[in-house]
Amino acid sequence: MSMSTPIAEYAVLGDTERAALVSRGGSVDWLCVPRFDSPACFAALLGTHDHGRWLIGPADEAVTTRSYRGDSFVLDTVHTTSSGAVRVTDAMPFGDGRSDLLRVVEGLEGEVEMVHEWVVRMGYGKILPWVSRISDDDGDAIRAIAGPDMLVLRGDRLPEPDDHHHVDRFRVRAGQRLTFSTTWVPSWNPVPPRLDVDQRIDHTVHAFEDWASRHDHRGPYRDVVTRSLLVLRLLTDELRGGIVAAPTTSLPEDVGGTRNWDYRYCWLRDASLTLEALLQGGYLEETRLWRDWLVRALAGDPRDLQIMYAVDGGRELPERELDHLPGWEGSRPVRVGNGAVHQTQSDVLGEVMISLRKARRLGLHESEETWEVQRALVDALADDWKIEDYGLWEIRGPTRHFTHSRVMVWAAFDRAVRAVEEDGLPGDVDRWRDRRDKVHREVLRRGYDAKRGTFTQHYDTTEVDAALLLIPTVGFLPYDDERVLGTIRAVEEDLMRDGFLLRYRTDSGVDGLAGQENPFLACSWWLVEAYARCGRLDDARALMEKLLGVLNDVGLASEEYDPGTGQLVGNFPQAFSHLALVGAAQALMEGGDPTGRRE
């Protein structure tokens, strides 16, 4: 069994085009460059130190505290040893067109011995680069090259080669300060010049803080909402417009098991929900970025719609296994790419139509081209509205008529009808209205278990699913409808585990996968919102406080949580978890207003 660093021990760094994970001990164990979905050059997260990392941390045992600087992703970590204290500041500069990771070491008290280890392994920890020491007008540097990639390490002192690692030990006294940078460029480019580290860090702090200051959430959970919105912004590619679900791959849902997936891609559903959370905070520009990305990604034929794309809108995401990596805590296989890319998931268009309607209502201009894309997608759905799908959870078993998917088909037609009726846009409204009304009647007839008084996971089962909590959020039925209240009770009864919600019961066999999984954090935040909207405010607040207790020390959430071990599990940080947190906080801020819904 490996001894992997607990997921909660990591903080995320990023510049809105790529991201890194750095441990409390100062080891950058994950970095994909030049894009979120590029191969990692530091991959110790899923393996060992020999799979690549960048460590700058104390040589001796230390008490460590850390925090982001204000509302940014500049991380300050203070290590206090028996001999002194030192601060390490980590940042990925934002908005300068470069790909840099900056690290500043400052002595605060006494003297601290530090360890510096730079181990570059391209291709997810597999490829040993050609490494050489170079000199230019900015001084000495270390250059690592493999194929198309070059990494350049600069610093006030550089580590020395030691058996395919670069290692150094040095002492930092109070008042001393050293700076280091790792920069990626294409291998055919010149070595990039040295940065003004202080200026770039200050600019990055101010850029993130300026963005964060513009949101208008004023409830009791403003701080965690702000951090969650910042996570969503970090995962929105500034250049390309795609929104990734998480910056990692293969952090397991079931530790030691096979439920390990690559989330470094843009799911239309997750991106749409992310936009709704950002729109809730008053951010329109990110919606425009993503809508323009969507128009490019969809190309010419709505029947070519995929559920996910590469961050640049690319379609090819072949799933493969990386046998050279042992996985986090031995959880194999490690996968890159995602085989669910070609699944039919009928809920996706509903999410897209809801988010773009909300943007339109908040003032985002709808061009003829962007509406034509939506119109074509709805027309295609009107042709194939009866088909089964793989559902929100991307099951790898047989297709079904999943109730949540059918509700979202209704939502797609409903928002299209309202775009014509209320916004004056052109479209085949009679046909869309007919489909909307038919699917509504169908769901009430086939997706509802009258005997138990609950909606069901799909039309051929009595099992329930946490996604059923979303039925009233899209306006399919009101929160005070007895069928909704009965569904909330059934979800509590069947899916609650140690105070947190599972997505569904895996032992039903519906997903076609071996093994179990842990409670899915977004589902518990959906339950907070459901409690609040149906008047159970005390229950909502109690569950919200419980959930906030599983965030790590810098306010980040993974996909799932293991109540037995108290560990965060699954990919990290996870957009789905953070956007659901924002929705729950909004419901509580509104005092449980039952009319609150996704317009």
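Below is a short write-up of the structure. (Residues numbered from 1 in each chain as written. Predicted model: local features only at pLDDT ≥ 70, side-chain atom pairs only at ≥ 80, totals over all residues. Heavy atoms only, no water.)

**So, the packing of aromatic side chains**
Each aromatic ring pair is specified by the distance between its two centres and by the angle formed by the two planes. Where we set the bar: Any Phe, Tyr or Trp ring, taking Trp's six-membered ring, that has another such ring centre within 6.5 Å forms a pair; planes under 30 degrees apart are called stacked, those over 60 apart edge-to-face, and the others tilted. Two limits define a charge over a ring: the Lys NZ or Arg CZ must be within 6 Å of the ring centre, and within 35 degrees of the ring normal.
Scanning the entire structure with this criterion turns up 16 aromatic pairs. Here the aromatic residues Y68, F73, F94 and F208 are joined through ring pairs into a cluster of three or more. Positioned over the ring face of W54 is R103, at 5.2 Å from the centre of the ring. Here the guanidinium or amino end of R227 rests over the ring plane of F73, the centre of that ring lying 4.9 Å away.

**A few points about the environment of F180**
Counted only if it meets this: Runs of H or I in DSSP of at least four residues are treated as helices and runs of E of at least two as strands, each being numbered from the N terminus. The criterion used for residue contact is that any of the two residues' heavy atoms lie within 4.5 Å.
Here F180 lies in strand β15 (residues 177-186). Here the alpha-carbon distance between F180 and P398, two residues 218 residues apart in the chain, equals 52 Å. Apart from the residues lying within four places of it in its own chain, the contact partners of F180 are W54, I56, L101, L102, R103, V105, H116, R154, G155, D156, R157 and F170.

**As for the pairing of strand β11 (residues 139-146)**
Under the convention used in this document: What makes two strands pair is DSSP finding at least two bridges between them.
Here seven bridges tie strand β10 (residues 130-136) to β11, and the two strands are oriented antiparallel to one another. Its bridge partner being in β11, D136 is matched across the sheet by G139. Remark: two residues form the turn of the hairpin made by β10 and β11, two consecutive strands paired antiparallel. By the bridge criterion, five bridges tie β11 to strand β12 (residues 149-155) in an arrangement that is antiparallel. The partner of R143 across the bridge, within β12, is V152.

**Section: helix α11 (residues 521-533)**
Each α-helix winds once per 3.6 residues, and so residues spaced three or four apart point in a common direction. This is how it is decided: Working rule for helices: expected span equals 1.5 Å times residues minus one. Exposure is judged per residue with a 1.4 Å probe applied to protein chains only, and the accessible area is read against the type maximum: over 50% gives exposed, under 20% gives buried, and values in between give partly exposed.
Between its first and last C-alpha atoms α11 spans 19 Å; for 13 residues at 1.5 Å apiece the expected length is 18 Å, and the two agree. Among the 13 residues that make up α11, 13 are buried, leaving the element largely enclosed by the rest of the structure. Of the residues one or two after α11, G535 is the one with positive phi, at around 95 degrees.

**Thoughts on the side chain of R335**
To be explicit about the condition: Pairs of N or O atoms within 3.5 Å make up the polar contacts considered here, provided that, within protein, one atom can donate a hydrogen while the other can accept it, and that residues adjacent in sequence are counted only when both atoms are side-chain atoms.
Along the polypeptide, R335 turns up in strand β19 (residues 335-336). A distance of 3.5 Å separates polar atoms of two side chains, one belonging to R335 and the other to E319. In this structure R335 touches T249, S250, T258, N260, W261, D262, E319, R320 and E321, once residues within four positions along its chain are discounted.

**As for unusual backbone geometry**
In this structure, P34 follows V33 across a cis peptide bond, with omega equal to 10 degrees. Omega for the bond connecting F572 with P573 falls within 30 degrees of zero, at -20 degrees, which places this linkage in the cis form. You can see P573 is positioned in the loop between β25 (567-569) and α13 (575-589). We note that H164 has phi near 65 degrees; this positive angle belongs to a residue other than glycine. Note that H164 resides in the loop between β13 (160-162) and β14 (165-173).

**As for the packing of helix α2 (residues 197-212) against helix α3 (residues 222-234)**
Just so we agree on the cut-off: Axis definition: a line fitted to C-alpha atoms, limited for helices to the stretch in contact. Angles are taken between N-to-C directions and run from 0 to 180 degrees. The sense of a crossing depends on the near helix, which, turned anticlockwise from the far helix by less than a right angle, makes the crossing left-handed and, turned clockwise, makes it right-handed.
For the pair α2 and α3, interaxial distance at closest approach is 10 Å and the crossing angle is 115 degrees. Here α2 runs over α3; the crossing is right-handed. Here F208, W211 and A212 of α2 lie close against α3, whose contacting residues are R222, T226, L229, L230, R233 and L234.

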